[in-house]
Amino acid sequence: MAFEIDKERFGAFVSGRRKALGLTQKELAARLFVSDKAVSKWERGQSMPDIALLTPLAECLGVSVTELLEGRRLEDAALSPGQVEDLLKKTLALSDDRPERERAGRGRRALVLVGAALLVALESVGYFGRGDLLDVLTGGALFFSLMALGFGVYFWLFAPVRIPHYYDENRISAYSDGPFRMNLTGVAINNSNWPHILRGLRVWSVAAAVGMPLLDLVMGWTWPAAWDAAGRWVLLALFLGGLFVPVYVAARRYE
């Protein structure tokens, strides 16, 4: 379609301008507060920058946003009405592309959550024979499992795939959205590492929801005395460690 952006031409133009200015991918990425891997993907035509990055990217490359979207230098600054309309359509297509993919994937993500919830329901049957279902619901394995599922609803269905642009412009270690709060001391949260943080949170929510009751049942049957004494502390350590350690590592790695 006429208003689609040619990603390969866009990438070649970004690469050419960057090299002409004597910038490395890492240096350009630092100016935009993104990762050098993101810049590499742009230049190879594998992805496009967020629409909020178009203006700062154009400024870094010494071109106009129009030239950036066209993927070429324009000798005549004046655009015809048709060219202006085409440019606007390209911009709208870029801004609409990501939300469409997000909406399309929500149904599949919901199925993951439903599957995890069904597995937890099946695991809970194992507690009826032990006579301690109320106990594990009020501070044991199923308590942690239900907490993980609750967080998972947010991570899988409602958490934004991209966070506000001011996270890229400032070094912010805390994130909040409604009742959800997260603070990664010493790490800047931005749109470079946020997708990896979110992926880690999603995996954790499902793994913790399904794994906690399973581990509790197996250990309770195998070493009942030792597990009865230390089981809750082990589960708490796994719950918190499994949440914060992978997320912190992903945030630091892709910062």
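For the structure, see preceding data.
Cut-offs and rules
The written sequence of each chain sets the order in which its residues are numbered from 1. In view of the model being predicted, local features appear only for residues whose pLDDT reaches at least 70, and side-chain atom pairs are presented and counted only at 80 or more, with totals across whole chains, interfaces and linings using the full set of residues. In computing side-chain values, all of the structure's heavy atoms are included and hydrogens and water are not. Each helix is a run of DSSP H or I of at least 4 residues and each strand a run of E of at least 2, with the numbering of both proceeding from the N terminus. Grouping buried Ala, Val, Leu, Ile, Met, Phe, Trp, Tyr and Cys residues that are joined through side-chain atoms within 4.5 Å yields what is termed a nonpolar core. Remark: exposure states derive from per-residue accessible area (1.4 Å probe, protein chains only) relative to the maximum for the residue type, with buried under 20%, exposed over 50%, and partly exposed in between. In what follows, residue pairs with any heavy atoms lying within 4.5 Å of each other are defined as contacts. Geometry of aromatic contacts follows a simple scheme: Phe, Tyr and Trp rings, the Trp one being its six-membered ring, pair when their centres are within 6.5 Å, and the pair is stacked under 30 degrees between planes, edge-to-face over 60, tilted otherwise. Charge-over-ring contacts are defined here by two conditions on Lys NZ or Arg CZ: a distance within 6 Å of the ring centre and an angle within 35 degrees of the ring normal. Strand pairing follows a simple DSSP-based rule, namely that at least 2 bridges must link the two strands. An axis is simply a line fitted to the C-alpha atoms; with a helix, the fit covers only the stretch in contact. Between two such axes, the angle follows the N-to-C directions and lies from 0 to 180 degrees. Roughly parallel refers to an angle under 35 degrees, roughly antiparallel to one over 145, roughly perpendicular to one between 65 and 115, and oblique to any angle outside these ranges. Note on residue categories: nonpolar means Ala, Val, Leu, Ile, Met, Phe, Trp, Tyr, Cys or Pro, charged means Asp, Glu, Lys or Arg, and polar means any other residue, Gly included. What the arc describes is the spread of directions from the helix axis to the C-beta atoms. For any helix crossing, the convention is left-handed if the near helix is rotated counterclockwise from the far helix by under a right angle, and right-handed if that rotation is clockwise.

What about the overall build of the protein chain?
Next up, step 1: Counting its secondary structure elements, the protein chain contains 11 helices and 2 strands.
Next up, step 2: Secondary structure elements of the protein chain occur, N-terminal to C-terminal, as α-α-α-α-α-α-α-α-α-β-β-α-α.

Overview of the nonpolar core
Next up, step 1: Judged by nonpolar contacts, the single largest core of 39 residues is most densely connected at Tyr175, Met182, Ile189 and Ile197.
Next up, step 2: Taken together, the elements giving at least two residues each to this core come down to helix H6 (81-125), helix H8 (141-158), strand E2 (180-183), helix H10 (194-222) and helix H11 (224-253).
Next up, step 3: Of all the elements, H10 adds the most residues to this core, at 11 residues.
Next up, step 4: Those residues in contact with isoleucine 197, other than ones at most four positions away along the chain, are Met182, Leu184, Ile189, Val247 and Ala251.

Quick notes on the packing of aromatic side chains
Next up, step 1: Within the structure shown, the criterion is met by 11 aromatic pairs.
Next up, step 2: Geometrically, the ring pair formed by phenylalanine 144 and phenylalanine 239 is tilted, given 5.1 Å between the ring centres and 35° between the ring planes. You can see phenylalanine 144 sitting in helix H8 and its partner phenylalanine 239 sitting in helix H11, a full 95 residues away along the chain. Phenylalanine 239 matches phenylalanine 144 in its accessibility class, with the two residues each being buried.
Next up, step 3: Taken together, the aromatic side chains of Phe143, Phe144, Phe151, Tyr154, Phe155, Tyr167, Tyr175, Phe180, Trp194, Trp204 and Phe239 make up a single cluster linked through ring pairs.
Next up, step 4: A cation sits over an aromatic face here: arginine 202 above tryptophan 156, 5.8 Å from the ring centre.

Some thoughts on the pairing of strand E1 (residues 174-177)
Next up, step 1: The pairing of E1 with E2 spans 4 bridges and is antiparallel. Following the sheet pairing, alanine 174 is matched in E2 by asparagine 183.
Next up, step 2: The hairpin formed by E1 and E2 contains 2 residues between the paired strands, and glycine 178 there has a positive phi angle of roughly 65°.

Digging into the packing of H10 against H11
Next up, step 1: At a minimum axis separation of 10 Å, H10 and H11 run at an interaxial angle of 170°. Considering their axes alone, H10 and H11 lie roughly antiparallel with respect to each other. Each of His196, Ile197, Gly200, Leu201, Trp204, Met212, Leu215, Asp216, Met219, Gly220, Trp221 and Thr222 in H10 lies in contact with H11, whose residues at this interface are Pro224, Trp227, Leu235, Leu238, Phe239, Gly242, Leu243, Val247, Ala250 and Ala251.
Next up, step 2: Considering only residue class, the contact of H10 with H11 consists of 16 nonpolar, 5 polar and 1 charged.

Concerning helix H2 (residues 25-32)
Next up, step 1: Residues of H2 that are buried: Leu28, Ala29 and Leu32. Angular distribution of buried residues about the axis of H2 spans 100°; they occupy a single face of the element. H2 presents Lys26 and Ala30 as exposed residues on the side facing more than 90 degrees away from its buried surface.
Next up, step 2: Phenylalanine 33 sits one or two residues past H2 and shows a positive phi near 60°.

Digging into the packing of H8 against H10
Next up, step 1: At a minimum axis separation of 8 Å, H8 and H10 run at an interaxial angle of 160°. Between H8 and H10, the angle falls in the class roughly antiparallel. The crossing of H8 and H10 is left-handed. Every residue of H10 that contacts H8 at Ala141, Leu142, Phe144, Ser145, Ala148, Leu149, Phe151, Gly152, Phe155 and Trp156 is listed here: Leu198, Leu201, Arg202, Val203, Trp204, Ser205, Val206, Ala208, Ala209, Met212, Pro213 and Asp216.

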